[in-house]
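Below are the chains, spelled out letter by letter.
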Amino acid sequence: MNTVIRFENISKRYKLGLTRTSLPGVISQWLKGSLKAAPQKADDDKYLWALRDVSFELMQGQSMALVGANGAGKTTVLKLLANITKPTTGTIQTQGQLSALIELGAGFHPDLTGRENIYLNGTILGLSREYIRRRYDEIVAFSELERFIATPVKRYSSGMIVRLGFAVAACIEPDILLVDEVLAVGDASFRQKCLKRIQSLLEDGTSIIFVSHNLYLVQAVCSKALYIQKGRVLLDGETNDVVEAYEHDLHEERARKFEISDLEQTDGAADVEITKVEVWGVDGPAAGPLPSNQSAQIRVHYDAYHDVGIVSMSVFVMRSDGLTCSMMRTKLDGFELELQRGQGVISVHLDPLQLISGTYFAEAYFLNESDSMVLTSAGGRSDWFSVKGAARSYEETSGVYEPIARWHHQHNGLQAAHLDSVREPALGSAETESR
Amino acid sequence: MLAQSIALLQAGDLLREWTSRNIRARYQQSALGWLWAVIQPVAQVAVFTLIFTLIVPVNTGDIPYVIFSYVAMVPWTFLATSLTDMSNSLVDNMTLVTKIYFPREVLPVAAMLARLMDFGVAAVLVVILMLFYQVPLFPAGLLFLPVILGIQLALTLGLGLAAAAANVFFRDVRSLLTLGLQIWFYASPIIYPVTLVPERLRSFYYLNPMSGIIEAYRDVLLRGELPGPYLALSAAMSLVVFSIGYWFFKRVEFQFADIV
């Protein structure tokens, strides 16, 4: 395998605000700049370092995610790779044809027909007319817009425009593909289609750099990842490790914000602290992935500094990308909780767990009796835990939870009492089926 | 080397697509469509013909004023509309420029090529006028037409590329260009003959490359003469303008995406 991208010690500096005042001034500045190449001494107020000494390599057929907060420098990396802008220092080497899927339907003109826009958009993406002509029928079929192809795109719905844009982009077969949040648009089936296309490109040996805030998607597509923070590489490694580190930071960030702004605090020190949140399987602390069809429990350890009295507790199950999968409240379930000075453990059993395969964590909060005020200064948070459901991977399924499903099929209606399929209620009979 | 040739070839396709996009988009919802390419210079020539034959008569020798000024108005309109469109070509497509890589020259060059089509359409009327006024053809001179056009293209490209790039940084360029074109129009021999320019100012007058270009068009089309030495001066000037304009464009093109 050979290296297709070599990104070496790249720094990129942007000018901030309007530093130039007059046209003649700038012209003389430009002329001076061309005479002496060395940049003048950097002034921190005038410049922003979008990237600082970033290096990475990508091998052929590899897919790498760029993760990081907004403004961390991910888009700058893509722009540098796509040759839209030049680095301030450092060198970039790429091998083979590079295409960027940064904006779908780039250059579409509303007055032109779908057909004309296919050629326009295709050539902007670097395809030749001849190539587009050969793939034209395929593009139209993929977009499912046969009937409207001679209509100006200004009469298209936004969904149709996205479909046409993607249909053109889908016929690119580059050596390196840059994908930036393109998949954020469109509905679920469209995303699925895009994902399939990306995966088939990967199989054909295309190398991909992928930017998305959907960490779930990132894990589904990428084998390695780069965590960028404020223009610097924080971590470069396996996707799961990098995503985990990033999510950890995200969570802390969120907790900090939550702590500062959203909560009405009790005066002074908190009465009670959550010391630990654990997730257990059937026989104690989870060692490996928890089976979805078996029970699990979330155990919240606390330390009360004095007699607190009647409280309530909320426990959340969160997916790794921050989606709240479930919220359990003692008040809702009619479970009375009275805290006295000292330590204790509150546990909630989920039987069965019923989450689809993935990575999750649990979070717990103490609230006052009326559920109107959080008592703990920060929520307790468990380590990551993974769940093993029927589906082996993300592409095999979608959704959040996995009910115990039983299928029936009746033919010619001999047993009229049965439905075509029966799903067990969420918390039902004791009889569970093992799969 | 191979990759570069392929890139150029593909840029050629993009240039073609973008040019035809400009043309089609311009006339898409207009009833008269490409006829506007003729209407504009014709209307101007009509006005100037009224003024300079009835009100303030101008001596254009044995060439009728209508064809005298129309032959100049067509290349002038090409220059003026091209420069205006070119200067806006990058600014109007900033979303594209900041997000996708393609040779940046494509946008201004395509803007000019779209106007070249208008030029071709308007030029048909030159032929009709020549037939109407029975202007004798001068085959040797006609061979010069592509040369003169080439010089004009170099001039337009140089100025247009520079204006397009500068406009990204300062929108003043747009207003400056409109003003400049107005002055330039009267500084060129479009609506009056060069013979009216005082002798001592002539050499300065020909420093304006459009003077030589327009006179050269008249020489080969109307006067049946080979272009005078002023065409060589225009060619040299245009080449200098083109080199500087293109150099400037290439120098700043990677800053386009950094301007938000």
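Bear in mind the structure is a predicted one, so any value in this text is a computation, not a measurement.

Calculation notes
Residues numbered from 1 in each chain as written. Chains lettered and ligands numbered in written order. Predicted model: local features only at pLDDT ≥ 70, side-chain atom pairs only at ≥ 80, totals over all residues. Heavy atoms only, no water. Phe/Tyr/Trp six-rings, centres within 6.5 Å; stacked < 30°, edge-to-face > 60°. Buried < 20%, exposed > 50% of the residue type's maximum accessible area, 1.4 Å probe, protein only. Helix = DSSP H or I, 4+ residues; strand = E, 2+ residues; numbered from the N terminus. Pairing = 2+ DSSP bridges. Expected span 1.5 Å × (residues − 1). Contact = heavy atoms within 4.5 Å. Salt bridge = Lys/Arg side-chain N within 4 Å of Asp/Glu carboxyl O. Polar contact = N/O pair within 3.5 Å; in protein donor to acceptor, adjacent residues only side chain to side chain. Nonpolar A, V, L, I, M, F, W, Y, C, P; charged D, E, K, R; others polar. Core = buried A, V, L, I, M, F, W, Y, C linked by side-chain atoms within 4.5 Å. Axes fitted to C-alpha atoms, helices over the stretch in contact; angles between N-to-C directions. Parallel < 35°, antiparallel > 145°, perpendicular 65-115°, else oblique. Left-handed = near helix turned anticlockwise from the far one by under 90°. Patch = residues over 30% accessible without salt bridge, like charges linked within 9 Å, V, L, I, M, F, W, Y side chains within 5 Å. Areas by Shrake-Rupley, 256 points an atom, 1.4 Å probe, with all protein chains shown as cover. 1 Å grid on protein atoms, 1.4 Å probe; cavity = no way out; pocket = protein on both sides within 12 Å on 5 of 7 lines; lining within 4 Å. Points joined across faces, edges and corners; volume = space filled by probe spheres on them.

**A closer look at the packing of aromatic side chains**
Residues and elements named next belong to chain B.
Okay, step 1: With the rule as written, the count across this model stands at 21 aromatic pairs over all chains.
Okay, step 2: Ring centres of Phe-185 and Tyr-186 lie 5.0 Å apart, and the angle between their planes is 90°; on these two criteria the pair is classed as edge-to-face.
Okay, step 3: On the basis of relative accessible area, Phe-185 is assigned to the buried category, the value being 7%.
Okay, step 4: Judged by its relative accessible area of 51%, Tyr-186 is exposed.

**What about the pairing of strand E10 (residues 272-281) of chain A?**
All names here are of chain A.
Okay, step 1: Here E10 lies mainly inside the structure; seven of its 10 residues are buried.
Okay, step 2: Relative to strand E11 (residues 284-285), E10 runs antiparallel, the two being bridged by two bridges. Directly across from Trp-280, in E11, lies its bridge partner Pro-285.
Okay, step 3: The turn linking E10 back onto E11 is made up of two residues.

**A short note on helix H3 (residues 65-89) of chain B**
Okay, step 1: The terminal C-alpha atoms of H3(B) lie 35 Å apart, and with 25 residues this matches the ideal 36 Å at 1.5 Å per residue to within 8%.
Okay, step 2: Counted residue by residue, H3(B) has 22 buried out of 25 residues, so it is predominantly covered.

**Focus on helix H5 (residues 158-170) of chain A**
Okay, step 1: With 13 residues, H5(A) extends 18 Å between its outermost C-alpha atoms, agreeing within 8% with the 18 Å of an ideal straight helix rising 1.5 Å per residue.
Okay, step 2: Those residues of H5(A) that sit buried are A:Met160, A:Leu164, A:Gly165, A:Phe166, A:Ala167, A:Val168, A:Ala169 and A:Ala170.

**Thoughts on the interface of chain A and chain B**
Okay, step 1: Contacts between the two partners involve 34 residues from chain A and, on the opposite side, 30 residues from chain B.
Okay, step 2: Measuring nitrogen to oxygen at the nearest pair gives 2.6 Å for the salt bridge that ties A:Glu116 to B:Arg24.
Okay, step 3: Taken together, the links from chain A to chain B amount to five residue pairs in polar contact (both at pLDDT 80 or more).
Okay, step 4: Elements supplying a minimum of two residues to the side of chain A that touches chain B: strand E1 (3-15), helix H1 (23-35), helix H3 (114-124) and helix H4 (129-143) of chain A.
Okay, step 5: The leading source of residues in the side of chain A that touches chain B is H1(A), at six residues.
Okay, step 6: For the side of chain A that touches chain B, a count of residues per class yields 15 nonpolar, nine polar and 10 charged.

**Regarding the nonpolar core**
Okay, step 1: Counting 76 residues, the largest nonpolar core has A:Ile118, A:Phe210 and B:Phe256 as its most contacted members.
Okay, step 2: Judged by nonpolar contacts, the second largest core, of 59 residues, contains B:Leu181, B:Trp184, B:Tyr192 and B:Leu221.

**Some remarks on the pattern of salt bridges**
All names here are of chain B.
Okay, step 1: Within this structure, the stated rule accounts for 20 salt bridges over all chains.
Okay, step 2: We note a salt bridge from Glu-215 to Arg-223, for which the minimum N-O separation is 3.1 Å.
Okay, step 3: Two residues, Lys-250 and Glu-253, come together in a salt bridge whose shortest N-O distance is 2.9 Å.
Okay, step 4: Among the residues examined, Glu-253 registers a relative accessible area of 9% and is labelled buried.

**Some words on the environment of A:Ser357**
Okay, step 1: Structurally, the position occupied by A:Ser357 is in the loop between strand E17 (342-350) and strand E18 (358-367).
Okay, step 2: On the accessibility criterion, A:Ser357 (16% relative accessible area) is buried.

**Structural notes on the packing of H3(B) against helix H5 (residues 106-132) of chain B**
All names here are of chain B.
Okay, step 1: Interhelical geometry of H3 versus H5 gives an angle of 170° and a closest axis separation of 8 Å. What the angle tells us is that H3 and H5 run roughly antiparallel. Pair H3 / H5 crosses with right-handed handedness.
Okay, step 2: For the contact of H3 with H5, a count of residues per class yields 20 nonpolar, three polar and two charged.

**Thoughts on the sheet that holds strand E4 (residues 89-94) of chain A**
Residue and element names in this part refer to chain A.
Okay, step 1: Spatial ordering of the open sheet is given by E2-E1-E4, a layout of three strands whose pairing is antiparallel. One side of each edge strand has no neighbouring strand; the edge strands of this open sheet are strand E2 (47-59) and E4. Taken over all neighbouring pairs, the strand axes of this sheet differ in orientation by 20° on average, direction set aside.
Okay, step 2: Each of E1, E2 and E4 touches helix H2 (residues 74-81); the most contacted strand, E1, lies at about 115° to it.

**Digging into the packing of helix H10 (residues 209-223) of chain B against helix H11 (residues 230-252) of chain B**
All names here are of chain B.
Okay, step 1: The contact between H10 and H11 brings their axes to 8 Å, and the two run at 135°. As the angle between them shows, H10 and H11 are arranged oblique. Crossing of H10 against H11: the hand is left-handed. Between H10, through Pro-209, Gly-212, Ile-213, Glu-215, Ala-216 and Asp-219, and H11, the contact on the second element is made entirely by Tyr-230, Leu-231, Ser-234, Met-237 and Ser-238.
Okay, step 2: The residue inventory of the contact of H10 with H11, partitioned by class, reads six nonpolar, three polar and two charged.

**Quick word on a nonpolar patch on the surface**
Okay, step 1: A cluster of nonpolar side chains, B:Leu32, B:Trp34, B:Leu35, B:Trp36 and B:Met117, forms an exposed patch at the surface whose accessible area comes to about 490 Å².
Okay, step 2: Topologically, B:Trp36 is positioned in helix H2 (residues 36-55).

**Observations concerning empty space enclosed by the protein**
Any empty space left between atoms is shown by rolling a water-sized probe over those atoms.
Residue and element names in this part refer to chain A.
Okay, step 1: Per the counting criterion, the structure on display carries four cavities of 30 Å³ or more.
Okay, step 2: Taken as a whole, the largest cavity holds about 60 Å³ of empty space.
Okay, step 3: Leu-101, Phe-166, Ala-169, Ala-170, Ile-172, Leu-177, Cys-194, Arg-197, Ile-198 and Leu-201 are the residues that line the largest cavity.
Okay, step 4: When residues of the lining of the largest cavity are traced back to their parent elements, those giving at least two are H5 and helix H6 (188-203).
Okay, step 5: Of the residues forming the lining of the largest cavity, the biggest block, four residues, is contributed by H6.
Okay, step 6: A per-class count over the lining of the largest cavity returns nine nonpolar, no polar and one charged.

**Things to note about the sheet that holds strand E13 (residues 296-304) of chain A**
Okay, step 1: In space, the four strands of this open sheet follow the order E11-E10-E13-E17 (chain A), with antiparallel pairing throughout. A single partner strand is all that each edge strand has here, and the edge strands are E11 and E17 of chain A.

**As for unusual backbone geometry**
All names here are of chain A.
Okay, step 1: With omega at -10°, the peptide bond leading from Asp-351 into Pro-352 counts as cis.
Okay, step 2: Assignment of secondary structure puts Pro-352 in the loop between E17 and E18.
Okay, step 3: The backbone of Asp-53 shows a phi angle near 55°, a positive value even though the residue is not glycine.
Okay, step 4: Tracing the sequence through the fold places Asp-53 in strand E2.
Okay, step 5: Owing to a relative accessible area of 47%, Asp-53 belongs among the partly exposed residues under this scheme.

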